[in-house]
Amino acid sequence: MNPDEVLRIVDQIHLERKIDKEIVFVGIEQALVVAARKQSMDTATVVVHIDRQTGQISAYRDGIPMTTSEIAERIGAQTAKQVMIQKIREAERDAIYDDYYEQIGTMVNGTVYRNEGATTVVTLSNLEALLPRSEKMPGESFRPGERINAVIVEVKKSGTKVKVILSRVRPIFLERLFEQEVPEISDGIIQIRAISREAGHRAKVAVSCSDPRIDSVGACIGLRRSRIRNITEELGNERIDIVAWSNDKEQFIPKALQPATVDEVIFCSMLGRAIVLVQKDQRSLAIGRKGQNVRLASKLCDWDIEIMTRDELDDLLSKAIESFSRIPELAPELADRLVGEGFLTFDDLSIIEPEALMEMGNLTAEQADVIVEKAEALAEEEEDRPTNQTEEEMPPRRNVAAAEPAREKEEPAAPDNEAAESAPASTEES
């Protein structure tokens, strides 16, 4: 392999496969070293260097320079070619991997090539990416030749190839759509502070603005709802609530629960729970169909939100005081204080930190452990106890926001009264 041929090969690979020249030079050097070791049966250390300007190959055996004839003799041409091809493929794979790894979280536009079962193969600029069923919205399907948008969420090496996974269900995809449709977001004037999403059904987006003269919610909706309409159409008419972000959770939680009207928010900081009081006619609206509204609001605010009326709270407080009396070691004064901090069930009490309980009740470690153990036993006893109560009759349950709904088919359009309940108050025309 003469110097001119080396330079020609490097230039050709660089232009055709978009691989940095230095990577190609290193790949050829490694290939020649491997070929020399395969050809030679001794254990000598071989080092090969290629001059980047002239293409001249110099080799060293145990630190002693090798002549041109020795290089030709020890490095078999066919072996060198095979190893070189392998090294170049690895270098090409690494270059593609590095390129796409840096694009994780960015949106790409590709062409559907084919469907392999439930997985859609999407052609990007220089590889085929995969859009698995789990990363598609419910009921979503694509035809070969169709152009689609998706976000890169995973990149990994697979042999000599690179595997790129796309998604259309992650909150980051919705964020990228907003950046594309709302110039104020891409310019950094408006910031997306939080997103909670159940793909294909509903999402809540909290936004803020560094310029007080700009209505962040109105800017995201657009004139005659033009901006939000483009996003919802891309997402198969997924409902999107846009709310103004606030660091004050007492103000932010009611906004997150729109379109319901909230009377009061009571924070149970030790449990990370917020009890939201509403009027009876607002309760179902605040919870939403199958708990969707309160579930999304909880994720958006990062608080475990429970919806109840004032009468339900008073009843729950009375039952909590009565229930805690079943633990003899729990003094009435401590029971009152625990209830005031939001511990309303044995399940709540079973997860309290012993140190916090010791401080609240001036207890010893042994006394605190006894109370927690009895609370755990009573919580299990209540969980196993059969009940004939209907779901409407049962008191509000903990962690209503934690349970994810199972994937389901698109629901038929809601009757007029249900549609009115689910329409987000925060997405009125600006």
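Residues numbered from 1 in each chain as written. Predicted model: local features only at pLDDT ≥ 70, side-chain atom pairs only at ≥ 80, totals over all residues. Heavy atoms only, no water.

Q: I'm lost on the sheet that holds strand S2 (residues 57-61) in this one. Help?
A: Picture the strands of a sheet paired through backbone hydrogen bonds; they go either parallel or antiparallel. Strand order across the open sheet formed by three strands is S1-S2-S3, with antiparallel pairing between neighbours. Either end of the sheet is taken by a strand with one partner, and the two such strands are strand S1 (46-50) and strand S3 (64-65). Relative to S3, S2 runs antiparallel, the two sharing two bridges. Within S3, the position partnered with Tyr60 by the bridge is Pro65. (Pairing = 2+ DSSP bridges. Helix = DSSP H or I, 4+ residues; strand = E, 2+ residues; numbered from the N terminus.)

Q: Before we go on, may I ask you to explain the side chain of Lys204 in this structure?
A: Looking at where Lys204 falls in the secondary structure, it is placed in strand S10 (residues 202-209). Only 3.1 Å separates the side chain of Lys204 from the backbone oxygen of Gln258, close enough to count as a polar contact. Side chain to side chain, Lys204 and Asn293 meet in a polar contact 3.0 Å long. When sequence neighbours within four positions are dropped, the list of residues in contact with Lys204 reads Ala194, Ile195, Ser196, Asp241, Ala256, Gln258, Asn293, Leu296, Ala297 and Leu300. (Polar contact = N/O pair within 3.5 Å; in protein donor to acceptor, adjacent residues only side chain to side chain. Contact = heavy atoms within 4.5 Å.)

Q: Any chance you could explain the packing of aromatic side chains here in plain terms?
A: Note on aromatic pairs: each is described by the distance of the centres and the angle between the planes. The tally for this structure, following the rule as stated, stands at four aromatic pairs. Judged by centre distance (4.8 Å) and plane angle (55°), the ring pair of Trp245 and Phe252 falls under tilted. Residue classification places Phe252 among the buried residues on the basis of a relative accessible area of 0%. Seen from their ring centres, Phe267 and Trp303 are 5.1 Å apart, and the 70° between their planes marks the pair as edge-to-face. With Phe267 in strand S12 (residues 264-268) and Trp303 in the loop between helix H11 (292-301) and strand S14 (304-308), this pair connects stretches of sequence that are 36 residues apart. On the basis of relative accessibility, which here comes to 28%, the residue Phe267 falls in the partly exposed class. According to the relative accessible area criterion, Trp303 is buried, its value standing at 19%. The cationic tip of Lys157 hangs over the ring face of Tyr97; the distance from NZ or CZ to the ring centre is 5.0 Å. (Phe/Tyr/Trp six-rings, centres within 6.5 Å; stacked < 30°, edge-to-face > 60°. Buried < 20%, exposed > 50% of the residue type's maximum accessible area, 1.4 Å probe, protein only. Lys NZ or Arg CZ within 6 Å of the ring centre and 35° of its normal.)

Q: Can you help me understand the packing of helix H15 (residues 354-361) against helix H16 (residues 365-384) in this one?
A: When two helices pack together, their arrangement is captured by the angle between the axes and the distance separating the axes. Remark: H15 packs on H16, axes separated minimally by 9 Å, with the N-to-C direction vectors making an angle of 115°. On the basis of their axis angle, the class for H15 and H16 is roughly perpendicular. Read as a crossing pair, H15 and H16 show a hand that is right-handed. For the pair formed by H15 and H16, the contact residues are Pro354, Leu357 and Met358 on the first element and Ala365, Ala368, Asp369, Ile371 and Val372 on the second. Of the residues assigned to the contact of H15 with H16, the class counts are seven nonpolar, no polar and one charged. (Axes fitted to C-alpha atoms, helices over the stretch in contact; angles between N-to-C directions. Parallel < 35°, antiparallel > 145°, perpendicular 65-115°, else oblique. Left-handed = near helix turned anticlockwise from the far one by under 90°. Nonpolar A, V, L, I, M, F, W, Y, C, P; charged D, E, K, R; others polar.)

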